[in-house]
Amino acid sequence: MKRFATTLALLAVCAAPSFALPILSESFSYPDGNLAPNGGWANFSGANTDVQVNAGRATGSGPNANDDHIFFTAQPTTGKTYACFDVIIPTIAGAPKAIYFAALKDAGTANFVSRLYVLPVAGGFTFGISHSSTSATVGVTAWSATSLNYNQRYNIVINYDPIAKSSTLWVNPANESSPSVTNTNAAIAALSTSTFAIRQSASASTLPAVPSYAGTADWGFSIDNLGIGINFDDACDLYHTVPAQRSTWGAVKAIYR
């Protein structure tokens, strides 16, 4: 009887794998054209050209000006919010302007956190992150001092931590323990995040003079496979693969050997 009960328990475990639970999952599987109002996306700023869907990716360019956001369950100021997505930056001529193009925020139009930037570096660009708005004295944290590759897909993860008052950036991580960079601003009040924003702007951000991120070229981007979660794995669920496991029958047979 004991062996029979153990067998049933094992069957239940094998038959009920654990799944991540993102609070938002978006693959941009919409017809080509304006992103809003597909899937709950909405324009919250700008009146020029909307973020575009092109072959299942959300694409934007600085001069287009419009900004779109999508809502998810408002998060408490006692926990972290993660966003995981992939990004491609098409080739441009010249050094890109230092501009953020994705962020977490509340339901309004002014409180942005965990801002993801393209920054100019020698020979090209890198990504960067700021916890809040920037100024001549409040800057960004760059992913690297060497250039990344244009036209290459990068898996990006950003994390907003209202308790530590910090935002963290990963590029092509294997897991949360992979290399990352963090930007902290102790002066920023904790924010209840409830939207993910895609931003188009042709105006370079105000940044400290050192290090210099002087770029003059407008640039574009495309985004896909967006996930939002309360932890790293949940947000990156779209990137997960099913781990190799023994078959259920093989596990059961092992009991009787």
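As a starting point, this report considers the structure included with it. (Residues numbered from 1 in each chain as written. Predicted model: local features only at pLDDT ≥ 70, side-chain atom pairs only at ≥ 80, totals over all residues. Heavy atoms only, no water.)

Here we look at empty space enclosed by the protein
Phase 1: Applying the stated criterion across every chain, the model contains one cavity of 30 Å³ or more.
Phase 2: There is about 40 Å³ of room inside the largest cavity.
Phase 3: Its residues placed into classes, the lining of the largest cavity shows four nonpolar, four polar and one charged. (1 Å grid on protein atoms, 1.4 Å probe; cavity = no way out; pocket = protein on both sides within 12 Å on 5 of 7 lines; lining within 4 Å. Points joined across faces, edges and corners; volume = space filled by probe spheres on them. Nonpolar A, V, L, I, M, F, W, Y, C, P; charged D, E, K, R; others polar.)

With respect to the state of the cysteines
Phase 1: What the rule picks out here adds up to one disulfide.
Phase 2: Put simply, Cys84 and Cys236 are joined by a disulfide, and their sulfur atoms are 2.3 Å apart. Judged by the sign of its S-S torsion, about 105°, the cystine formed by Cys84 and Cys236 is right-handed. Of this pair, Cys84 sits in strand E7 (residues 81-88) while Cys236 is found in the loop between helix H2 (232-235) and helix H3 (248-255), placing the two residues 152 residues apart along the sequence.
Phase 3: On the basis of relative accessibility, which here comes to 0%, the residue Cys84 falls in the buried class. (Disulfide = S-S within 2.5 Å. Helix = DSSP H or I, 4+ residues; strand = E, 2+ residues; numbered from the N terminus. Buried < 20%, exposed > 50% of the residue type's maximum accessible area, 1.4 Å probe, protein only.)

Re the nonpolar core
Phase 1: Ranked by size, the top nonpolar core spans 42 residues in total, and within it Phe85, Phe101, Phe127, Ile156, Phe196 and Ile198 carry the most contacts.
Phase 2: Breaking this core down by element, the ones donating at least two residues are E7, strand E8 (99-105), strand E9 (112-121), strand E10 (124-130), strand E12 (154-161), strand E13 (166-171), strand E15 (195-198) and strand E16 (220-229).
Phase 3: Here Phe196 is in contact with Trp41, Asp68, His69, Ile70, Phe72, Ala83, Phe85, Ala102, Ala103, Leu104, Leu226 and Ile228, once residues within four sequence places are set aside. (Core = buried A, V, L, I, M, F, W, Y, C linked by side-chain atoms within 4.5 Å. Contact = heavy atoms within 4.5 Å.)

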